[in-house]
Amino acid sequence: MRARLYISMVVILTLCNAVLADRDILADTYLDKLQGMWLGEILGNYAGRPYEGDCVKGGLTVAIDWDSENSFIHTNPWHGDDDTVFEYMYMNLLKSNTNPSNADIQTAWETHVPLQSFYIANRQARWLMADGVNVPQTGSINKNMHWYAIDSQITTEALGAAVPGLRQRAADLAGQFGSVTNNDYPVHAAQYYSAMYAAAAFDSDVETLVAKGLEVVPVTSRTHQVIEDVVGWYVDDKADSSLDWRATHEKIWDKYCGADSKGRYRYWIESTINTGLTTMAVLYGQGDFKETVEIGVLGGFDCDCNPATAGGLIGLVEGYSNLPTDLTSATSDNYHVDTLINITKDTTISQVAADWQTVAEAQILAAGGSIEGSGANRTYHLPDADNIDPLTEKPDPTGPKGLVGQVLAAGGTVTVSASIERHNPNRDRENLDAIIDGITDVSYNGHLPYMTDDGEIPQPAGGDYYQLNFDRDVTFGAVFFYEGDIKWNNCNADPKVREPRGGYFLDFIVEVGNEGVFTEVANLRSSEALDNFEYFQIIELTFDQIVGDAIRIRGDAGGTCEFTSIVELEAYAPGDADLDGDVDPSDLTIVGLNWDPAGTTKDWGDGDFDNDGDVDPTDLAIIGLNWNPGGGPVPEPMTLTVMGLGGLVLLCRRRNRQVN
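Residues numbered from 1 in each chain as written. Predicted model: local features only at pLDDT ≥ 70, side-chain atom pairs only at ≥ 80, totals over all residues. Heavy atoms only, no water.

*Asks:* If you had to explain the overall build of the protein to someone new, which residues and values would you point to?
*Replies:* Looking only at helices and strands, the protein has 21 helices and 14 strands in total. Compactness check: the protein gives a C-alpha radius of gyration of 28 Å against a globular reference of 26 Å for 660 residues, within 12% of the reference. Principal-axis analysis of the C-alpha atoms places the extent of the protein at approximately 95 × 55 × 55 Å. Here the protein holds 660 residues, and the buried ones make up 57% of them. Taken as a whole, the protein presents about 25000 Å² of accessible surface, with 50% of it coming from carbon and sulfur. Taking the 42 positively charged and 99 negatively charged side chains of the protein as two groups, their mean positions are separated by 2 Å. (Helix = DSSP H or I, 4+ residues; strand = E, 2+ residues; numbered from the N terminus. Rg over C-alpha atoms; globule rule 2.2 N^0.38 Å. Buried < 20%, exposed > 50% of the residue type's maximum accessible area, 1.4 Å probe, protein only. Areas by Shrake-Rupley, 256 points an atom, 1.4 Å probe, with all protein chains shown as cover. Lys, Arg positive; Asp, Glu negative; His and termini not counted. Charge placed at Lys NZ, Arg CZ, Asp CG, Glu CD.)

*Asks:* Outline the state of the cysteines, listing residues and values.
*Replies:* Per the counting criterion, the structure on display carries zero disulfides. Of the cysteine sulfurs around C55, a residue in no disulfide, the closest is that of C257, at 6.8 Å. C55 gets classed as partly exposed once you look at its relative accessible area, which sits at 29%. Not engaged in a disulfide, the cysteine C561 finds its nearest cysteine sulfur in C491; these two sulfurs lie 16 Å apart. (Disulfide = S-S within 2.5 Å.)

*Asks:* Hey, could you go over the sheet that holds strand β5 (residues 370–372) for me, with residue numbers and the actual values?
*Replies:* Strand order in the open sheet formed by three strands is β1-β6-β5, and the pairing between neighbours is antiparallel. Of all the strands in the sheet, the pair left with one neighbour each is β1 (24–26) and β5. Across this sheet, the average inter-strand angle for adjacent strands is 25 degrees, counted without regard to direction. Where β5 lies against strand β6 (residues 379–381), three bridges are found, and the strand directions are antiparallel. (Pairing = 2+ DSSP bridges. Axes fitted to C-alpha atoms, helices over the stretch in contact; angles between N-to-C directions.)

*Asks:* Describe in detail unusual backbone geometry, supporting the description with residues and values.
*Replies:* Here the bond from V135 into P136 is cis, since omega is 10 degrees, no more than 30 degrees from zero. Mapped onto the secondary structure, P136 falls in the loop between α5 (120–130) and α6 (151–154). Of note, the amide linkage connecting I457 to P458 takes the cis form, showing an omega dihedral of 5 degrees. If you trace the backbone, P458 turns up in the loop between β8 (450–451) and β9 (464–483). Positioned with a positive phi, K262 is a non-glycine residue whose angle comes to about 55 degrees.

*Asks:* So what about the pairing of strand β13 (residues 538–555)? Which residues, and what values?
*Replies:* Relative to β13, β9 is paired through 14 bridges, and the arrangement is antiparallel. For D464, the partnering residue across the bridge sits in β13 and is G555. In terms of strand pairing, strand β10 (residues 509–514) meets β13 through five bridges, oriented antiparallel. Bridged to I509 within β13 is R554. As judged from the two bridges shared by strand β12 (residues 525–526) and β13, these two strands associate in the antiparallel manner. Counterpart to S526 in the pairing with β13 is L541.

*Asks:* How would you summarise the nonpolar core if you had to cite specific residues and measurements?
*Replies:* Grouped together as the largest cluster of nonpolar side chains are 106 residues, with contacts concentrated most on Y30, M37, W38, W109, Y335 and W356. Examining the composition of this core, we find that 10 residues originate from one element, helix α2 (residues 27–48), more than from any other. Apart from residues no more than four positions distant in its own chain, W38 is found in contact with T84, E87, Y88, Y335, I349, V352 and W356. (Core = buried A, V, L, I, M, F, W, Y, C linked by side-chain atoms within 4.5 Å. Contact = heavy atoms within 4.5 Å.)

*Asks:* Explain the sheet that holds strand β4 (residues 346–348) residue by residue, including any values.
*Replies:* An order of β2-β3-β4 is seen for the three strands of this open sheet, with the pairing classed as mixed. Only two strands of the sheet have a single partner each, and these edge strands are β2 (78–80) and β4. Strand-to-strand twist of the sheet, defined as the mean angle between neighbouring strand axes without regard to direction, takes the value 35 degrees. Bridge analysis of β2 against strand β3 (residues 334–337) gives three bridges, and the strand direction is parallel.

Structural data, given as structure tokens:
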């Protein structure tokens, strides 16, 4: 299947490049496309509103009423919601500023977006602004508890229409504006949609549009994976000359919602499954507006947003004049903005299209294109190049770091335990073994953290803990805790007002075990304080070196249901500054580069292994005492001498402590 997918995409993109030089479009033609886009988004949105949130494997079976006298198509005026009003706000910003800063975007939000008007990540972002958090942190995985949701991809598609034929600029705009509310793979979905909208100025084939949109998405992103899967299932389905979107819907359901999802499906407003369903609607709709919208609606989940995106794309491809005449003859031109403030509320679809055209013309000129002629001959000339600057990839590590990786590589055994212990490899939230799989960043892959949520209150006696167990004695000097996320009590509540169900520690200590007896470590220092409203914190805990066969963090769990979450737990030997699991010449080099006996701000990564803020002979001695290059070269004699001097300093300090 994958081979067919890649072959089909290569063929599509080859054909696209063959006609790349033909990048002129009449201004009037593009204005018609923009009007078709705006009406297409509105109609798709209205068609799905009655079924929003409905989810059934194989798709819904409702009928879309296109033609009765009670049909939604007779609405007058059209009332915009989050599928169009944010783009309306962004259009107004871009009319006056072709290259707005993050501060400009935040000002637009604070001027036009009320605190309570919207939902999910949009609402959280606005509350965060009110709390003094700035864009793009308002959408980050660390601040916005709904960073994984659909918001960015339903509020930025039309930005692609503002840059016809310029997919990279479309991806950049969607990335910037989308980061107000979301982070990483959901923003990749926004960039994918925006790139398709940009490509729609010159391409009408839906397979081509999907392929061109996918080019801007990192291969290691969960967004790339779901699009790739849907395209592959579509290609397989197409091979038998009988397209059946419901069969593909079942495959999407199983992998991204059901039995094969590893529990990574979050809620019907999440990014991933809706990206897959929108891609399905675009492909299986085969360029037919009504069919595309209907599949988008019947796919369920966020099924007013998905057909709005797909309908807007087909409207942009076809143009207003080529949409079904039974729709264009029956629909109102009036558009009303309900949910924004300090902005023109009443306008028309025609005027919105004209405003988008003004924005597009400024973007064309800024990109090095030109506009020539007048009247019916007025023409946009786009630059021939439509190059894509690939986003950063984040491949998953092949295994754990630190002492866990070192012991496993040596043929040893490391196990994990916790206050609430489950080892279910089919559900991330219940797979404790994942906390030593080496994966510390879930912003691309969509993995979910382990949680000790057992449905019981209060938490176990002594609080929550996460523990690494080694089959041998090792020397510990640091443990890195990669925190997980929270579970909310209400998805649209402010977690600072309504306490979450749990997912975080209120405090913790580090304990080292030796044959089952645990001792609290001495001189514990944390790289940062625990913050109930900072998610996925990475906290480095360093302490005086100590030998044992187990190590754990233990503390009180927060939230109304008293549980915690974790992505990864790593343990390190003293002297391992580069966190690769051994103590070798590279660690010695780090100490040399950061040598500062009078320092006060140095940390573990600089070579400060004794937690006193400097890098001095004591830290050098710690390297010598824990030297273990894993088969690497032996240090030169002079280096050993320096280590010996450091060892004498350490010995003197220890004697002084005993005397005092």
